[in-house]
Amino acid sequence: MELRIATIADADAIVAFDHVAASDRARVQFIHEQIKSSACHVAVIDATVVGYAVLNYKFYDNGWIEMLYVHPQFRRQGVGSELIRHLVNECRTPKLFTSTNQSNSPMQRLLATLEFKRSGFIENLDEGDPELVYFKRIRDHAA
Ligand SMILES: CC(C)(COP(=O)(O)OP(=O)(O)OC[C@H]1O[C@@H](n2cnc3c(N)ncnc32)[C@H](O)[C@@H]1OP(=O)(O)O)[C@@H](O)C(=O)NCCC(=O)NCCS
């Protein structure tokens, strides 16, 4: 599995497997913007883009995994875990945060296996489905 920064040539492949992008122009725009700002990383197997993840620093200036999405046909094969491990290595700040809905148990289990810790929750984003915040301390000082 190759892990690398996405280029604009990857955008169509990502949009094709991200089911939200199929019906939401804003998601397509988000993917393009994140690629342009070099925040989007992809996992590639045999020249096929099988997952993407977005790392930026918008969460109170800390590393922030804003998105993780694995091609449905390539789930439960370690792709999501490898993408997160890759972002842990890439992250420039001592602390790395992410969040997921309370209803998203696959993501919660994945984060637990990678030793992310719970760090509170945010209500009133998705109705009746709080956003659980997770964090991992990567190092003691900024890189
Ligand atoms: C959540 C998601 C990224 C997981 O990606 P993945 O490549 O399937 O994850 P991995 O194969 O690395 O799984 C690692 C571990 O996480 C847990 N896990 C992942 N998916 C799971 C599921 N559907 N049910 C239960 N546990 C799950 C398991 O412990 C798994 O280890 P195992 O397969 O050895 O049991 C993927 O399901 C996805 O893209 N979902 C849609 C988008 C999304 O919800 N993104 C996260 C919120 S932003």
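It should be noted that the structure appears before, not after, this text.
Residues numbered from 1 in each chain as written. Predicted model: local features only at pLDDT ≥ 70, side-chain atom pairs only at ≥ 80, totals over all residues.

1. Some details on the overall build of the protein chain
Line of reasoning, step 1. Of the regular secondary structure elements, the protein chain holds four helices and seven strands.
Line of reasoning, step 2. What you see in the protein chain, going N to C, is helices and strands ordered as β-α-α-β-β-β-α-β-α-β-β.
Line of reasoning, step 3. The C-alpha radius of gyration computed for the protein chain amounts to 15 Å, which stays within 12% of the reference 15 Å derived for 143 residues, consistent with globular compactness.
Line of reasoning, step 4. Taking the principal axes of the C-alpha coordinates as reference, the protein chain spans close to 40 × 35 × 30 Å.
Line of reasoning, step 5. Every one of the 143 residues in the protein chain was classed for burial, and the buried ones make up 29%.
Line of reasoning, step 6. Sequence-distant contacts in the protein chain: of pairs separated by 6 or more residues, those separated by 24 or more amount to 56%. (Helix = DSSP H or I, 4+ residues; strand = E, 2+ residues; numbered from the N terminus. Rg over C-alpha atoms; globule rule 2.2 N^0.38 Å. Buried ≥ 20, exposed ≤ 12 C-beta atoms within 10 Å, placed from the backbone. Contact = placed C-beta atoms within 7 Å.)

2. Some points on the site of the ligand
Line of reasoning, step 1. Taken together, 18 residues surround the ligand, and among them Arg 75, Gly 80, Ser 81, Pro 106 and Leu 110 come closest.
Line of reasoning, step 2. Elements with a minimum of two residues in the shell around the ligand: strand 4 (62-70), helix 3 (79-90) and helix 4 (105-113).
Line of reasoning, step 3. In terms of residues, the shell around the ligand owes the most to one element, helix 4, which gives five residues.
Line of reasoning, step 4. Along the lines of polarity and charge, the residues of the shell around the ligand split into eight nonpolar, seven polar and three charged. (Near = placed C-beta within 6 Å. Nonpolar A, V, L, I, M, F, W, Y, C, P; charged D, E, K, R; others polar.)

3. A look at the sheet that holds strand 6 (residues 117-122)
Line of reasoning, step 1. On the basis of which strands lie adjacent, the open sheet formed by seven strands has the order 1-2-3-4-5-7-6 and mixed pairing. Looking at strand neighbours, the two that pair on one side only are strand 1 (2-5) and strand 6, the edges of this open sheet. Going across the sheet, the axis of each strand differs from the next one's by a mean of 30°, ignoring polarity.
Line of reasoning, step 2. Here strand 3 (residues 48-59) runs beside strand 4; their pairing, made up of seven bridges, is antiparallel. Opposite Phe 59, over in strand 4, you have Asn 62 as the bridge partner. (Pairing = 2+ DSSP bridges. Axes fitted to C-alpha atoms, helices over the stretch in contact; angles between N-to-C directions.)

4. Looking at the environment of Glu 2
Line of reasoning, step 1. Mapped onto the secondary structure, Glu 2 falls in strand 1.
Line of reasoning, step 2. Along the backbone, Glu 2 and Val 44 are 42 residues apart, and their C-alpha atoms lie at a distance of 5.0 Å.

5. Remarks on helix 2 (residues 25-36)
Line of reasoning, step 1. Taking 1.5 Å per residue, 12 residues should reach 16 Å; helix 2 reaches 17 Å between its end C-alpha atoms and fits that length.
Line of reasoning, step 2. Among all positions of helix 2, only Ile 31, Gln 34 and Ile 35 are buried. The arc that holds every buried residue of helix 2, seen down its axis, measures 100°, which confines them to one face. Facing away from the buried surface of helix 2 by more than 90 degrees, the exposed residues are Arg 25, Ala 26, Gln 29 and Glu 33.
Line of reasoning, step 3. Tucked inside the fold, the buried residues of helix 2 contact helix 1 (11-17), strand 2 (40-45) and strand 3.
Line of reasoning, step 4. Two residues or fewer past helix 2, Ser 38 is found with a positive phi of approximately 60°. (Expected span 1.5 Å × (residues − 1). Arc of directions from axis to C-beta.)

6. Re the pairing of strand 3
Line of reasoning, step 1. Pairing geometry for strand 2 and strand 3, over six bridges, is antiparallel. From the neighbouring strand, Ile 45 faces strand 3, where its bridge partner is Thr 48.
Line of reasoning, step 2. In sequence, strand 2 turns back onto strand 3 through a hairpin of two residues, with Asp 46 there showing a positive phi of about 50°.
Line of reasoning, step 3. Once strand 3 ends, the chain turns through two residues before running back antiparallel as strand 4, passing Tyr 60 with a positive phi of about 50°.

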